[in-house]
Amino acid sequence: MAAGLWRLHDWNFSTAELANWIEHAIQLGITTFDHADLYGGFRCEALFGQWLKANPGQREHIQLVSKCGIKPADASRGWQVKHYDSSRAHILASVDASLQNLGTDYLDLLLIHRPDPLMNPDEVADTFASLRQSGKVRHFGVSNFSPSQFALLSSRTVLLTNQVEASLLHTAPLFDGRFDQCLQAGIRPMVWSPLAGGRLLQTDARTQLHATLLRIASELGVSPATLALAWLLRHPARPIPISGSRRLASLDEAAAACRLQLDRQHWFALLEAAHGQPVA
């Protein structure tokens, strides 16, 4: 399980609240923290960095993930249109900014945030090699890549993961080859929005799915959130869901999912409810 910082700026944590949230995650064994350069209008990494700079001894106990490659429309930065940039210059500049903001001298994992139609895989591979040699980044991966896009870049450089959207409301990666590719390569996918941004737990979620989730969760004595996360964890690709809530209880539910082993019938009952029909 990983902890997501996408909304950190919106949480309006005090210094003490942020420290409590991070340290609670660590105590639960959730030690991977998922960032991106542009989260919170390019402000989230610096907020997390305030805690890390005050607690440098914790660096060796956590894993920092960041992403780069998305440039939102921002006239102040000279970006007139939202676009992707996987050039060497941008990747290097983004990594340097992330390191400074986070208060660390290395990232454990760097991801290309979105597939760039203008990506030169040889240039990206060479840039990754330079970052690895300099010690600034230890491992590399991608996010939101299709199987063919992943295969192209992985033919040039070693990739550790593909971070994709997946949940009971978005099961596509289980069937479109992305989880299969991770199994084939012996790597673990990371999963964003594993609870569909909270929609999965709302009463207006698909009626049959919501009812099935509540029923099985009650049978097993866990929360619906824990069950939904355990459903993802049951896949043999061993996905790593990212929990992105400010609530400490959400971290507790995420940690509990790691201890819950679903049997096949419960797993397929949830799949059937998600798809609205039995498997063929």
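Remember, predicted model here, so these are calculated numbers, not experimental data. Sequence order as written defines the numbering, with residues in each chain counted from 1. In keeping with the predicted nature of the model, local features appear solely for residues at pLDDT of at least 70, side-chain atom pairs appear and are counted solely at 80 or more, and the whole-chain, interface and lining totals rest on all residues. Values reported for side chains reflect all heavy atoms of the structure, with hydrogen atoms and water molecules removed beforehand.

A.B. asks: Is there a simple way to think about helix α12 (residues 264-275) in this case?
C.D. replies: An α-helix turns once every 3.6 residues. As a result, residues three or four positions apart point the same way. In a regular helix each residue adds 1.5 Å, so 12 residues correspond to 16 Å; α12 covers 16 Å between its end C-alpha atoms and thus fits that length. Along α12, the residues classified as buried are H266, W267, L270, L271, A273 and A274. Relative to the axis of α12, the buried residues are bounded by an arc of 165 degrees and lie together on one face. Seen from the open side of α12, the exposed residues pointing more than 90 degrees away from its buried face are R264 and Q265. The opening residue of α12, the one whose side-chain oxygen lies 3.1 Å from the backbone nitrogen of Q265, is D263. Two residues or fewer after α12 comes G276, characterised by a positive phi angle close to 80 degrees. Secondary structure elements follow DSSP: runs of H or I no shorter than four residues count as helices, runs of E no shorter than two count as strands, and numbering proceeds from the N terminus. What a helix is expected to span follows from its residue count: subtract one and scale by 1.5 Å. The buried label applies to any residue whose accessible area, calculated with a 1.4 Å probe on protein chains only, is under 20% of its type's maximum; exposed applies above 50%, and partly exposed to all values in between. What the arc covers is the set of directions going from the helix axis to the C-beta atoms. Polar contacts, as used here, are pairs of N or O atoms within 3.5 Å; protein pairs need one atom able to donate a hydrogen and one able to accept it. Residues neighboring in sequence count only if both atoms are side-chain atoms.

A.B. asks: How do you make sense of the packing of helix α10 (residues 224-233) against helix α11 (residues 248-257) when you look at a structure like this?
C.D. replies: Helix-helix packing is characterised by the crossing angle of the two axes and by the distance between the axes. The axes are straight lines fitted to the C-alpha atoms, using for helices just the contacting stretch, and the angles between their N-to-C directions are given from 0 to 180°. At a minimum axis separation of 8 Å, α10 and α11 run at an interaxial angle of 40 degrees. As judged from the angle between their axes, α10 and α11 are oblique. In this structure, α10 meets α11 at a crossing whose hand is right-handed. In this structure, α10 uses A225, T226, L229, A230 and L233 to contact α11, whose residues at the interface are E253, A254, A256 and A257. Here the word oblique covers every angle except those under 35 degrees (roughly parallel), over 145 (roughly antiparallel) and from 65 to 115 (roughly perpendicular). Here a crossing is called left-handed whenever its near helix is offset anticlockwise from the far helix by less than a right angle, and right-handed whenever the offset is clockwise. Residue contacts are defined here by distance: any two heavy atoms, one from each residue, within 4.5 Å place the two residues in contact.

A.B. asks: I would appreciate a short explanation of the sheet that holds strand β7 (residues 137-143) in the present structure.
C.D. replies: Sheets are built from strands paired through backbone hydrogen bonds, the pairs being either parallel or antiparallel. Strand order around the closed barrel formed by eight strands is β1-β2-β3-β6-β7-β8-β9-β10, with parallel pairing between neighbours. The sheet shows a mean angle of 30 degrees between the axes of neighbouring strands, taken without regard to direction. Summarising the sheet, strand β2 (residues 32-34) and strand β3 (residues 63-68) pair through three bridges and their orientation is parallel. Residue pairing in the sheet places T32 in a bridge with Q63 of β3. In the packing of helix α5 (residues 88-102) onto the sheet, contacts are made with β3, β6 (107-112) and β7, and the angle to β3 comes to roughly 140 degrees. Whether two strands pair depends on DSSP finding at least two bridges between them.

A.B. asks: When you look at the side chain of S243 in this model, what are you seeing that I'm missing?
C.D. replies: For S243, the position within the fold is in strand β10 (residues 240-243). Overall, S243 belongs to the buried group, its relative accessible area being 9%. With sequence-adjacent residues up to four places away left out, S243 is seen in contact with A2, A3, G4, S250, L251 and A254.

A.B. asks: Is there a simple way to think about the layout of surface pockets in this case?
C.D. replies: A water-sized probe rolled over the atoms picks out the places where empty space is left. Its boundaries defined by the atoms lining it, the largest pocket holds a volume of some 830 Å³. In the cavity and pocket records, a cavity denotes points on a 1 Å grid over the protein atoms alone where a 1.4 Å probe fits but cannot get out, a pocket denotes an open set with protein on both sides within 12 Å along at least 5 of 7 lines, and lining residues are residues with an atom within 4 Å of a point. Lining the largest pocket are 34 residues; nearest its centre among them are W6, R7, S193, G197 and G244. Looking at the lining of the largest pocket, the elements that each hand over two or more residues are α3 (39-42), α10, β10 and α11. Take the lining of the largest pocket: its biggest share by element is three residues, from α11. In this count, Pro and Cys sit with the nonpolar residues alongside Ala, Val, Leu, Ile, Met, Phe, Trp and Tyr, while Asp, Glu, Lys and Arg are called charged and the others, Gly among them, polar. Looking at the lining of the largest pocket residue by residue, the class counts come to 14 nonpolar, 13 polar and seven charged. Grid points are joined across faces, edges and corners, and a volume is the space filled by probe spheres set on the points. Within this model, the second largest pocket holds a volume of roughly 250 Å³. Considering the residues around the second largest pocket, the lining is formed by 14 residues, among which T32, L109, L160, M190 and I240 are closest to the centre. Among the elements of the structure, β3 and β6 are those that each provide at least two residues to the lining of the second largest pocket.

The analysis is restricted to geometry; functional conclusions fall outside its scope.
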